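Geometric and topological summary
Next come the chains, spelled out residue by residue.
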Amino acid sequence: MTTVSQPGYEMGKLAVTHLLDQLDGLASEDPISIVLETTLVPRKSSQHFEAKK
């Protein structure tokens, strides 16, 4: 099984920062889109193996 690692701490930090900016009137109330880097994490069960002959 392969999974995707997401930067949870950074996502939360950005969300709280944006919320506080909205409450202080420093940011628009319109939705924003921020793209953070993710990492593909291949697990042992999905690694390629060579069949025995």
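Everything that follows concerns the structure shown earlier in this document.
Report on the accompanying structure. (Residues numbered from 1 in each chain as written. Predicted model: local features only at pLDDT ≥ 70, side-chain atom pairs only at ≥ 80, totals over all residues. Heavy atoms only, no water.)

A look at the overall build of the protein chain
- A tally of regular secondary structure across the protein chain gives one helix and two strands.
- Secondary structure of the protein chain in N-to-C order comes out as β-α-β.
- Evaluated residue by residue, the protein chain yields a buried proportion of 2% over its 53 residues.
- Considering only contacts within the protein chain whose residues lie at least 6 apart along the sequence, 71% involve residues at least 24 apart.
- Within the structure as shown, the protein chain displays about 5,200 Å² of accessible surface, and the carbon and sulfur contribution to it stands at 57%. (Helix = DSSP H or I, 4+ residues; strand = E, 2+ residues; numbered from the N terminus. Buried < 20%, exposed > 50% of the residue type's maximum accessible area, 1.4 Å probe, protein only. Contact = heavy atoms within 4.5 Å. Areas by Shrake-Rupley, 256 points an atom, 1.4 Å probe, with all protein chains shown as cover.)

A look at the environment of L36
- Position of L36 relative to the elements: it lies in the loop between α1 (8–23) and β2 (39–42).
- When its relative accessible area of 22% is taken as the criterion, L36 is described as partly exposed.
- Remark: the alpha-carbon pair of L36 and E10, spanning 26 residues in sequence, is separated by 8.5 Å.
- Apart from residues lying up to four places away in sequence, L36 is in contact with P7, E10, M11 and L14.

What to know about the environment of T39
- Its place among the elements puts T39 in strand β2.
- Placed 33 residues apart in sequence, T39 and Q6 show a C-alpha to C-alpha distance of 6.9 Å.
- T39 has contacts with T3, V4 and S5, leaving out every residue within four places of it along the chain.

As for the environment of L19
- Looking at the element boundaries, L19 is found in helix α1.
- Put simply, L19 and E29 are 10 residues apart on the chain and 9.0 Å apart in space, counted from C-alpha to C-alpha.

Let's talk about α1
- For α1, which comprises 16 residues, the first-to-last C-alpha distance of 23 Å matches the rise-based estimate of 22 Å (1.5 Å per residue) to within 8%.
- Positive phi shows up at G25, right after α1, with a value of about 75°. (Expected span 1.5 Å × (residues − 1).)

Quick word on a nonpolar patch on the surface
- Side chains of V16, L19, L20 and L23 sit close together on the surface and give an oily, nonpolar patch of about 400 Å² of accessible area.
- Inspection of the secondary structure assignment puts L23 in helix α1.
- What makes L23 exposed here is its relative accessible area of 65%. (Patch = residues over 30% accessible without salt bridge, like charges linked within 9 Å, V, L, I, M, F, W, Y side chains within 5 Å. Salt bridge = Lys/Arg side-chain N within 4 Å of Asp/Glu carboxyl O.)

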